[in-house]
Structure formats: structure tokens, C-alpha cells
Amino acid sequence: MPQDLPAGPKSTTAKYWRKPLDADTVKVPHGEIHIVVNRCKGCLFCVEYCPREVLEISEDFNVKGYHFPEVSKDDACVNCGLCEMLCPEFAIFCVLDEEEGGGEG
Amino acid sequence: MTKEATLEPELSHPMDDLLRMDRIPHIWCPTCGLGTVVTAFASAIEKLQLGLDDITVVSGIGCTGRVAGYVKIDSFHTTHGRAIPFATGLHLANPKLKTVVISGDGDLISIGGNHFIHAARRNVDLTVICVNNFIYAMTGGQVAPTTPLTANASTMPYGNFEQPFSIPYLADSCGAVYVARWSALHVRRLVTAIAEAIAKPGFSVVEVISPCSTLYSRRNRLGSGLDLMRFYHDNCEIKHGADTRELAIGFQEKITVGKFIDRDRPTFVESMNNWYGKVFGDEYEPYEGSVK
Amino acid sequence: MTADPKGVLTGAHYLDGDHAAAEGALAAGCRFLAGYPITPSTEVAERFAARIPKVGGCFIQMEDELGSMAAILGAAWAGAKSMTVTSGPGFSLMMENLGLGIMMEVPTVLINVQRGGPSTGLPTLPGQADIMQARWGSHGDYEIIAVAPSSPQEAFDYMIMAFNFSEKYRVPTLVMMDECVGHMTEKIVIPEPEEIEIVPRKYYDGPKEDYLPYNVDTDMIPWMVKAGDGYRFHTTGLTHDERGYPVMNAECQDKLVNRLLDKIRSRVDEIVVLEEDQIEGADTVVISYGISSRVAIPAIEQARADGMKVGSLRMVTVWPFPENRIRDLAQKIGKFVVVELNCGQMYYEVERAAAGNAETLLVPHAGGWVHDSEDIYQAIKGGER
């Protein structure tokens, strides 16, 4: 397997200095987030680490008495799946929304 | 609130097929990282496209020891410290199975320390996922062989004065062929590391730094598990191929993560077959398991 | 089912008890031994290590006895017939995972070639002082099966018996040898493979979705599967239900522990093997096992020559204890004489079962050598030593 090297100076998250040539052909995926509300124990890993800040803490309690996450910016999810991977309770997952391929990059 | 509502998941999660759903919710505390490690392990199996009947999990005792009970594959919850020798027997009787040991730092490095170093020396083809939360959590926060100096534990009530083990250094010096360390926050890297470790023939070790909110964090006034995740975010430094002598972890100090060792060495079974092949020639039938 | 010819060294041999035990294991189909060197048991592992590359199997010298015992449980779950071998100090270390084997109901065999204790005691000299440890050494309530050979031939034969017990009842089975038997060299005859009866493992073959690892029928013995067979089972040393899942309450504990006990207790008469000689009409019965039963022979013969009515009861299986037989005999005889290389272990079991109906005398010996036959004779004769 290839060595997973740290990001070099050319691949940082710095803003593009010009618009990529294929920007209008690349579709940013859109994910649909599903939350199994009653499994949540309110750790907030998903809310904290969502790179697009899609989630927020609900004001409601689930049956266990925890504040669970809610989708606040549905359009913003790019189906990266980080929330699903970080969730220690198997309570949140994303499904690629095939219909809404997403806007232009 | 009804009991049904508590137990019945409203939706089916993609992980459900890999979990013993009749045992969920698990026993781990809110903001514990163990659930995340289970997801990473399952994702690694998926990544490798391994059949669920080709892999088996052995755990010892402790919070991490409970992993074996939640994954829906052949799984063994053994005695304290003995996951590696149990897995050694399992693997040697059927070397075709991928045998993965998932256990904690206290289980593998303290009471099971002797087994760890010898399995590494012999290069038994096992994958060891050692979840390091720096403390004995299930028994109530006692000092572990990984507790950083000065950190508080219930049996080090004035702070730890014992030098801890650095797991990657230990694994490297004993001959492990693959050694990586990630935190529960580095979940994608962790999936890659676990997948690489499983695919690698020989004794491979993945240390996972994982938050324990109830004991380690509370005793040391470090906030919740989320605060520990934030700490990992700000203080983990990725350094692939780092010298394993420089991977010690100080209390609330920088944590070096990465893939440190990836080398090739014949496994126990390969060595045995190679040697007996030389000694006995064609008379020797290479060993492929004691199971018919 | 009969033995796999590959492991059977048919013919007459001149072997010590340790080597004979290794041959017995191979004849029984054992193909995995994990062990750690300890006098006077090491020759079992040495013989196995020398033979196994040619038979096809695996020997591993583990880092300690804790690991050895754990490894043979893992190997059994993968489908191997497995064993380990040790002596007193190592036996103490194995108690931990012997308990796991009992709890997980693992068919496997453990040889203890007993030496003098406590602690490191007398490494090269005999003892039989681990006989109660064999019964009660691991924590918690359990029942176990143990056999005690008194010669190299029996070391071979009883190994096969031990493997068959372990498979039949799904319980780790102990072979309680002693240094004398282990290091005594005699002629042994290994039969043809087809003459060796082998009890196969009780494997499950029903629909996968219905499999529960600790579901039992009226025989109380669960069906086993191998890791990797697709049953996706779980097993634990914790108190568990039929699914093998931990259940932390008194009801589950009651059900599980009582089944573990009853699967042996309800079959004591089926399991127990005793060699009785001239018991009918005897006034005195000499009870012994292992090497002590051979040392007792001249004393018994001398007493009979003197006109005393002496019977001999030699325990082939030492555990489970032949409670009913001893109770029954106590009604008919005057005295039991218990001969063992310790300062009173099986003696208390006999005394308990005799329940005052017959006198029970111990011929003690702290170990390090065997009894003087004269001491046994005096006990038979007058009750005084």
C-alpha cells in the first residue's frame, strides 16, 4: 500500500489561486444524513468535526436523556462520512444522494 | 418514554450487519472512543473486502476487552492478558483465518506484556489493535503501564511517578513487522492502518490513543472525551517513519502519530515450514493448520 | 471412530511415561501442543516436538504456562485437538485458563507430572500433592475429570481416555501423572489404529441461523463449531446465556454453573473407572492411585499371605470422586486404608464418603520418594504405622 505521506506545501487547504479547469465538470456529492436519535449519547463528536458544519445540537432530549445532533444545513453535506466514522454509538450515517448530485465545484 | 422506544432503533445503520445488535447499546461511556475504534475496524474489513467468516477477534479483559462481544464475527472474550496467547493457538490451529486481537493497554502491555513481546519476537501472524486510554478504566482508574508521568490515577493519587511504556518502541524493539499509532480522531488514517496491519503477514501493532472521559479525563480534570479529541486535534503530530525511541507520551504533551514500522520478516509458520523443509526435504509436508 | 493411523506408532516400545504420554496424545489425534519446560514433565513436550513435523501438526514452546494454557483453548476453538503439559508450579499458573476452559467448555487435555511441593519443592522427585488442586485449583464452582496412570503403558492408554472424556463431556481433562511414572521406563504396546476408539467432537450441523453456542439438549452438553465456519458465534469467560453473551445476574449464574456441575455429576457412574481386586468379603480396602497403587501391591500381598482379607481399589479416574461406590463399600467393610504421596488429600474425600460407617486410615508421605511398603502393611494390619 502507498505510504500515507503528510500533506506537502502544494496540497494544503489554501484557497485556489485560480479556478480549476475542470471545475464545471466535477460534481460535489451531496449526502443525506440519517440519525438514529435514540442511540445517541450526546458526545458531539459529529457536530464538532463535521467539516461543513452541517450539524447542530438539538434542544430536545432523546429517550436516554441526551441532546442529539440535528441537521441544520442539509444542502451543505458532501457525504464525506466523517460523522459516521467518528460516532461511537453507531447512531449517524450518510447516504449519497444520487438525485441531487450537488452544485458546481 | 416506553421501553420499546429505548431499545428499538428507528433506522438501520450500515454498521448493524457487523454488530451484535441484540447487545447494543454497548456499555461504553458517553464520549468514549471505543465505539469509534469498532467502526474503524469494521471499515478496515470492508476496505480489505474480507469475508466475515475469514476473520476472528480475540479480546482480553477491560473496557476494550468488550469489543469481542459486539462484533458479529467469531469472537472470543478471554481472560485478562491472555488474548494474544489464545489468539496464537487459534491462529496456529488454523493459519488461514485472519486473527485480530483487540484489547487495552493494561491488558496487552501489563498483565499480557510477556505474551506481547514473545508473539512479536516469534512474528506470529496476528494483528494487535491496542486501544490506549492511559488508564485502567473498567476497574476504576488505576495507574496503567502507559499512564504518562505526573498524571493522576486512583492508585497514583498524587500523580504517577513511574516511567510508562511507549507501545510503538516496545513493539519495534521486539520485532513487530508493522507498527502504527493513531488517535481515535484520526479515524480515516486508523482505518488504513488497521487494513494494512491485517493484510500484513506477521505481528502487526496499531496503537489507538482513545479518550476515556469517565476515569482518565475526570481524574485529571481534562474535561470530556470531546475535550480530549480536541487535544488530539491540536497536539498530534503526524510523523511517518519516526524513530520509535522518540515516541514517548508525556502528560498533556505532543503525541507523535503515524506509521513507524513496515518491514518484512518470515512469520512463525513460514519459519517453521522453511526450516523443516530444509531439515526433512520432500518428506516434510508444509504445515497449514491442524484442522481437517 | 478409530484413530488416524498417522499418529499411531503401532508396536512394542521401551518408553518412559512422559514419552508414552506423548505417543498417547498423537494416537488420540492431538496435533497441537503448547507448553513450557518444567521438570519432570518436559520429556512429553520434547517427544511431541520431535514427532510432530512428521505426523503433521504444530508444537509451540510458549513464553510461560499462562500462555500455554490459553493457546490450547484457542487451538481447540479453531478445531484442533490440543494439549499442554506441566508440573506443580506450572499447574498453578494454568489454573487461570483452566477455569476459562471449563467456562467455555473446551475439549482439551492437561498433563501434570506431579513433583514434590509446595512452590518449587522437589523438581526431580515424586509427589501426589496436587490432587486436590486438580479438583479445586481454579476459582469458582466446577466439576472436572482427571485420570491417574501408574505405568508408561497406562500413560499411553489414559491419554486416549482423557481426550475421549474431554470430547464427550466438553471439559478440560487432567492427566495426573507423577515423577515416578513420568520417568519410569517400561515396555509399552501401542495397538493398531483401528483398535483405538476415538470419541469425535460433538459438532453442530443444523441450520446456521439456529445455532446457539450454549444451547443444550437433555444431555447438557452443547454443540461445538469451529472458528471460521460461518456461525459468527461469541464466547466468554463471563457468566453467559445460551447465546454465549454475558448476563450478569444470579439467575443466569445459577443456570450455567449448575449445568456445568450437573453434566459431570449426573454421569459420575458412567465416567468413573475403578480397578477393584478381591473387594468381595474384604475387611480392609486399600485405596490408591498412580504410583502409590503399585507401591501398595507388595503390602497387600503380604497382608493376604498373613491371612487378612484385603481388597484393593485403584482409582483410574481420580475425579469425579466415586462417592457412591465408597459409601456403599463403607457399609460392608471395616476399614479403608488410603495410600497417597501427600499428607492427606483424597483421604478426606474417602473419610467424608465413609461417613463413619468404616474407619479411614491414611498412609501419608510428604513426597520425594514413594512409600515404604512396610508402612502400608502396618496400616492394613493394625491401624498403626
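Structural data are supplied above this passage.
Residues numbered from 1 in each chain as written. Chains lettered and ligands numbered in written order. Predicted model: local features only at pLDDT ≥ 70, side-chain atom pairs only at ≥ 80, totals over all residues. Heavy atoms only, no water.

Caption draft 1: Region of the structure containing the side chain of Asn-132 of chain B. Residue and element names in this part refer to chain B. Note on placement: Asn-132 falls in strand E4 (residues 127-132). Here Phe-134 takes part through its backbone nitrogen, which lies 2.8 Å from a polar atom of the side chain of Asn-132. Engagement of the side chain of Asn-132 in a polar contact is seen with the side chain of Glu-207, the distance being 2.8 Å. When neighbours within four sequence positions are excluded, Asn-132 is seen to be in contact with Asp-105, Thr-146, Ile-167, Glu-207, Val-208, Ile-209 and Ser-210. (Helix = DSSP H or I, 4+ residues; strand = E, 2+ residues; numbered from the N terminus. Polar contact = N/O pair within 3.5 Å; in protein donor to acceptor, adjacent residues only side chain to side chain. Contact = heavy atoms within 4.5 Å.)

Caption draft 2: Fine view of unusual backbone geometry. The step from Thr-39 of chain C to Pro-40 of chain C runs through a cis peptide bond, and the omega angle for that step is 5°. By the secondary structure assignment, Pro-40 of chain C is in the loop between strand E2 (32-35) and helix H2 (42-55). The omega torsion of the bond from Trp-319 of chain C to Pro-320 of chain C falls at 0°, within 30 degrees of zero and hence cis. You can see Pro-320 of chain C is positioned in the loop between strand E14 (317-319) and helix H11 (323-332). The phi angle at Asn-79 of chain A is positive, at roughly 60°, despite the residue not being glycine. In this structure, Asn-79 of chain A sits in the loop between strand E3 (67-71) and helix H2 (82-86). Backbone geometry at Thr-150 of chain B places phi at a positive 75°, although glycine is not the residue there. Here Thr-150 of chain B shows up in the loop between strand E6 (142-143) and helix H6 (167-174). Looking at Thr-150 of chain B, the relative accessible area reads 54%, which means it is exposed. (Buried < 20%, exposed > 50% of the residue type's maximum accessible area, 1.4 Å probe, protein only.)

Caption draft 3: Region of interest: the interface of chain A and chain B. Facing the 34 residues of chain A at the interface are 44 residues of chain B. For the pairing of chain A and chain B, the buried interface totals around 3,300 Å² over both sides, and the portion due to carbon and sulfur atoms is 63%. The interface formed by chain A and chain B includes two salt bridges. Between Arg-230 of chain B and Glu-48 of chain A there is a salt bridge whose closest N-O contact spans 2.6 Å. Our count for the chain A to chain B interface comes out at 10 residue pairs in polar contact (both at pLDDT 80 or more). Elements with a contribution of two residues or more to the side of chain A that touches chain B: strand E1 (31-35), helix H1 (45-49), H2 and strand E4 (92-96) of chain A. (Buried area = accessible area lost by both parts, 1.4 Å probe. Salt bridge = Lys/Arg side-chain N within 4 Å of Asp/Glu carboxyl O.)

Caption draft 4: Looking closely at helix H13 (residues 373-382) of chain C. All names here are of chain C. Considered for burial, the residues of H13 that qualify are Ser-373, Ile-376, Tyr-377, Ala-379 and Ile-380. Projected down its long axis, H13 shows its buried positions confined to an angular sector of 160°, all on one face. Its buried side turned inward, H13 meets strand E12 (284-288), helix H10 (291-305), strand E13 (310-315), strand E15 (335-339) and strand E16 (359-363). (Arc of directions from axis to C-beta.)

Caption draft 5: Structural view of the pairing of E4 of chain B. All names here are of chain B. Of all six residues in E4, six are buried, a share of seventy percent or more. Residues Thr-127, Ile-129 and Val-131 of E4 are buried on one face, and the alternating residues Val-128, Cys-130 and Asn-132, pointing to the opposite face, are buried as well. As paired strands, strand E3 (residues 98-104) and E4 are joined by five bridges and run parallel to one another. Bridge assignment links Ser-103 to a residue of E4, and that residue is Cys-130. (Pairing = 2+ DSSP bridges.)

Caption draft 6: Seen up close, the pattern of salt bridges. Scanning the entire structure with this criterion turns up 41 salt bridges over all chains. Between Lys-6 of chain C and Glu-285 of chain B there is a salt bridge, with its nearest N and O atoms 3.8 Å apart. Taken together, the residues Lys-6 of chain C in the segment before strand E1 (11-16) and Glu-285 of chain B in the segment after helix H10 (268-280) connect one chain to another. By relative accessible area, Lys-6 of chain C is classed as partly exposed at 46%. Measuring nitrogen to oxygen at the nearest pair gives 2.9 Å for the salt bridge that ties Glu-167 of chain C to Arg-201 of chain C. Pair noted here: Glu-167 of chain C is in helix H6 (residues 152-169) and Arg-201 of chain C is in the loop between strand E9 (185-190) and strand E10 (234-236), with a separation of 34 residues, a long-range link.

Caption draft 7: Spotlight on the interface of chain B and chain C. Across the contact, 41 residues belong to chain B and 46 residues belong to chain C. The largest per-residue losses of area from chain B upon contact with chain C belong to Asp-74, His-77 and Phe-86 of chain B, which jointly make up 15% of the total buried on that side. When the shortest N-O distance is used, the salt bridge between Glu-63 of chain C and Arg-122 of chain B registers 2.8 Å. At the junction of chain B and chain C, the tally comes to 22 residue pairs in polar contact (both at pLDDT 80 or more). At seven residues, helix H3 (residues 83-93) of chain B tops the list of elements feeding residues into the side of chain B that touches chain C. The residue makeup of the side of chain B that touches chain C, split by class, is 17 nonpolar, 13 polar and 11 charged. As defined by bridge partners, strand E2 (residues 74-77) of chain B adjoins E10 of chain C across three bridges and the pair is classed as parallel. Among the inter-strand pairings, His-77 of chain B is bridged to a residue of E10 of chain C, identified as Thr-236 of chain C. (Nonpolar A, V, L, I, M, F, W, Y, C, P; charged D, E, K, R; others polar.)

Don't take any of this as a statement about function, it's just geometry.
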